[in-house]
Amino acid sequence: MLLFVLRTLGRVSSGRGIAVRMSMVARVLGGLSLLASGCSSAAEQRAIEPSPSAGGTYMEAGGARPLVPAMGGSPGSSPAFGGRGSGGPPSSAALGGQPSASGGAPQMVGGSTGGGGASSGGSSLGGSPSSGGAASTPPSEFTCTLVQGILATAEWYNEGFEKADGQSWGVTDSRWELRGVHEGMVELWADPNDPIWSEPITSPCASSASNPDRVIFVGLNWDYKTVEEWKPPLEKVVANLKAKFSNLRQVELATFVRAPGNMGCPNEDTNRLTISPGQDQAIAELAASSQGFVLASPRFEAKACSDYNLPPHPSPEAAPIWAKMIADYYEPAR
């Protein structure tokens with residue numbers, strides 16, 4: 001096209017000829033401009049179309065970027081039921097964050113970040129853990145928190161969960177206490193007259209030890225699998241806690257520390273390593289209907305199958321690791 005312009009100018013021999021030739025050249029140049037504009041628009045249109053490549057990306061100036069789903073979440077993933085709390089933040093895995101107020105199911109905290117298959121709800125991600133129900137009250141606003149769990153709970157609790165002299169992490173010992181009972185099944189706690197309620201409290205709070213204003217309850221039953229099996233006894237436990245502790249302002253429903261990805265481990269009883277979707281769902285439903293009184297505790301995960309010593313009990317090496325993981329959630333190290 002440029003050669004045509006030059007040849008056109010080369011044929012100019014008179015004033016009128018110059019005018020005619022210049023008019024032709026102007027039209028040619030105008031056409032070139034429109035053509036260039038059309039190509040640019042087509043290129044821009046292609047630039048915002050999603051790429052069909054695996055992993056979901058779209059192309060724009062500066063390179064490929066993740067294809068963000070319209071309803072939130074990560075590419076190629078399905079949201080946890082109820083949402084981290086909208087599935088929650090993460091909210092979750094840089095430990096130490098506070099639960100979200102979105103009312104969905106909490107994401108998993110800890111665990112490995114690859115392999116192991118899908119978990120039953122939530123995801124093992126980085127970020128701050130979230131919880132179902134309303135947002136948690138900051139730890140400093142509770143006078144006394146009772147952790148009421150099983151023997152496996154006591155095994156990590158007693159390995160540095162409460163901050164000792166010279167320790168850089170851990171919860172404030174004067175505000176936390178423990179009641180850990182071996183085989184402390186949920187149906188026993190559901191009975192207000194069962195002798196289990198007389199089990200002693202260890203490391204009592206400095207104030208209101210017999211009347212805590214928060215309880216973190218770890219439910220256990222080897223046979224329950226469905227929401228219909230789990231929800232009634234958990235409801236009774238919450239009612240009993242309210243009746244027994246007049247100061248109570250908040251209850252967290254928790255589970256034992258599950259295997260990575262909530263999947264089974266080689267040569268171990270999967271039932272003692274994993275939490276059923278029914279238990280997680282029952283906890284989430286109770287939290288969602290409680291107007292903030294009940295929260296779903298984060299779904300804490302072991303780092304590896306080797307963390308266990310006869311599941312769900314932690315090995316001596318893993319117990320302090322679990323203690324720090326959980327303490328860092330409730331009271332981040334400063």
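Residues numbered from 1 in each chain as written. Predicted model: local features only at pLDDT ≥ 70, side-chain atom pairs only at ≥ 80, totals over all residues. Heavy atoms only, no water.

Colleague: Got a minute to help me understand the packing of aromatic side chains in this structure?
Modeller: Any pair of aromatic rings gets described here by the distance separating the centres and the angle formed by the planes. Throughout the structure, instances matching the rule amount to 12 aromatic pairs. Ring geometry for Trp156 versus Tyr157: centroids 6.2 Å apart, planes at 40°, classification tilted. Looking at Tyr157, the relative accessible area reads 3%, which means it is buried. Ring geometry for Phe161 versus Trp176: centroids 5.2 Å apart, planes at 80°, classification edge-to-face. With a gap of 15 residues between them, Phe161 in helix 3 (residues 151–161) and Trp176 in strand 6 (residues 176–181) connect regions that are remote in the sequence. (Phe/Tyr/Trp six-rings, centres within 6.5 Å; stacked < 30°, edge-to-face > 60°. Buried < 20%, exposed > 50% of the residue type's maximum accessible area, 1.4 Å probe, protein only. Helix = DSSP H or I, 4+ residues; strand = E, 2+ residues; numbered from the N terminus.)

Colleague: I keep staring at empty space enclosed by the protein and nothing clicks. Help me out?
Modeller: Gaps between atoms show up when a probe of the same size as a water molecule is rolled over them. Taken as a whole, the largest cavity holds about 140 Å³ of empty space. Forming the boundary of the largest cavity are 17 residues, of which Trp156, Val218, Ala254, Thr255 and Ile326 lie nearest the centre. Among the secondary structure elements, those contributing two or more residues to the lining of the largest cavity are helix 3, strand 7 (214–218) and helix 7 (319–330). In terms of residue count, helix 3 provides more of the lining of the largest cavity than any other element does, 4 residues in total. Among the residues making up the lining of the largest cavity, the classes are represented as 14 nonpolar, 3 polar and no charged. Estimates place the volume of the second largest cavity at around 60 Å³. Across the lining of the second largest cavity, the residue classes tally to 6 nonpolar, 2 polar and 2 charged. (1 Å grid on protein atoms, 1.4 Å probe; cavity = no way out; pocket = protein on both sides within 12 Å on 5 of 7 lines; lining within 4 Å. Points joined across faces, edges and corners; volume = space filled by probe spheres on them. Nonpolar A, V, L, I, M, F, W, Y, C, P; charged D, E, K, R; others polar.)

Colleague: Teacher, can you tell me more about the side chain of Asp280 here?
Modeller: Inspection of the secondary structure puts Asp280 in helix 6 (residues 277–288). A polar side-chain atom of Asp280 sits 2.9 Å from a polar atom in the side chain of Arg258. (Polar contact = N/O pair within 3.5 Å; in protein donor to acceptor, adjacent residues only side chain to side chain.)

Colleague: Looking at this structure, I do not really get the state of the cysteines. What am I missing?
Modeller: Here is the idea: a disulfide is a covalent bond, and it sits between the sulfur atoms of two cysteines. Taken as a whole, this structure holds 2 disulfides when the rule is applied. Between the sulfur atoms of Cys144 and its disulfide mate Cys205 the distance is 2.1 Å. An S-S torsion of about 80° defines the bridge between Cys144 and Cys205 as right-handed. Placement of Cys144 in the loop between strand 4 (108–110) and strand 5 (145–150) and of Cys205 in the loop between helix 4 (186–189) and strand 7 is noted, with a sequence separation of 61 residues between them. Take Cys144 and Cys205: they sit in the same class, and that class is buried. Note that Cys265 is cross-linked by a disulfide to Cys305, the S-S spacing being 2.0 Å. What sets the handedness of the Cys265 and Cys305 disulfide is the S-S torsion sign, and at about -80° it is left-handed. (Disulfide = S-S within 2.5 Å.)

Colleague: I'm lost on the nonpolar core in this one. Help?
Modeller: One broad rule of soluble globular proteins: the nonpolar side chains tend to lie buried together. Ranked by internal contacts, the top residues of the largest apolar core, which has 27 residues, are Phe161, Trp176, Val257, Ile326 and Tyr330. Secondary structure elements with two or more residues in this core: helix 3, strand 6, strand 7 and helix 7. Filtering out sequence-adjacent residues up to four positions away, Ile326 remains in contact with Trp156, Phe161, Val257 and Phe300. Of all hydrophobic cores here, the second largest spans 26 residues; its members include Ile196, Trp230, Val238 and Phe293. (Core = buried A, V, L, I, M, F, W, Y, C linked by side-chain atoms within 4.5 Å. Contact = heavy atoms within 4.5 Å.)

Colleague: What is the right way to look at the pattern of salt bridges in this model?
Modeller: Should the charged atoms of two oppositely charged side chains come close, the side chains can pair. In this structure the tally under the stated criterion is 6 salt bridges. Two residues, Glu252 and Arg214, come together in a salt bridge whose shortest N-O distance is 3.9 Å. Placement of Glu252 in strand 8 (residues 250–254) and of Arg214 in strand 7 is noted, with a sequence separation of 38 residues between them. Each member of the pair, Glu252 as well as Arg214, carries the same accessibility label: buried. Here Asp328 ties to Lys324 by a salt bridge, and the two come within 2.6 Å at their closest N and O atoms. Of this pair, Asp328 and Lys324 both sit in helix 7, 4 residues apart, roughly one helical turn. (Salt bridge = Lys/Arg side-chain N within 4 Å of Asp/Glu carboxyl O.)

Colleague: I tried to follow the packing of helix 5 (residues 227–244) against helix 6 on my own but got confused; where do I start?
Modeller: For any two helices packed against each other, one specifies the crossing angle of their axes together with the interaxial distance. Running from amino to carboxyl end, helix 5 crosses helix 6 at an angle of 45°, the nearest separation of the two axes being 8 Å. Comparing their axes, helix 6 and helix 5 come out oblique. Considering the relative orientation of helix 5 and helix 6, their crossing is right-handed. Note on element contacts: helix 6 touches helix 5 through Gly278, Gln279, Gln281, Ala282, Ile283, Glu285 and Leu286, opposite Val227, Trp230, Lys231, Leu234 and Glu235. Residues that form the contact of helix 5 with helix 6 fall into these classes: 6 nonpolar, 3 polar and 3 charged. (Axes fitted to C-alpha atoms, helices over the stretch in contact; angles between N-to-C directions. Parallel < 35°, antiparallel > 145°, perpendicular 65-115°, else oblique. Left-handed = near helix turned anticlockwise from the far one by under 90°.)

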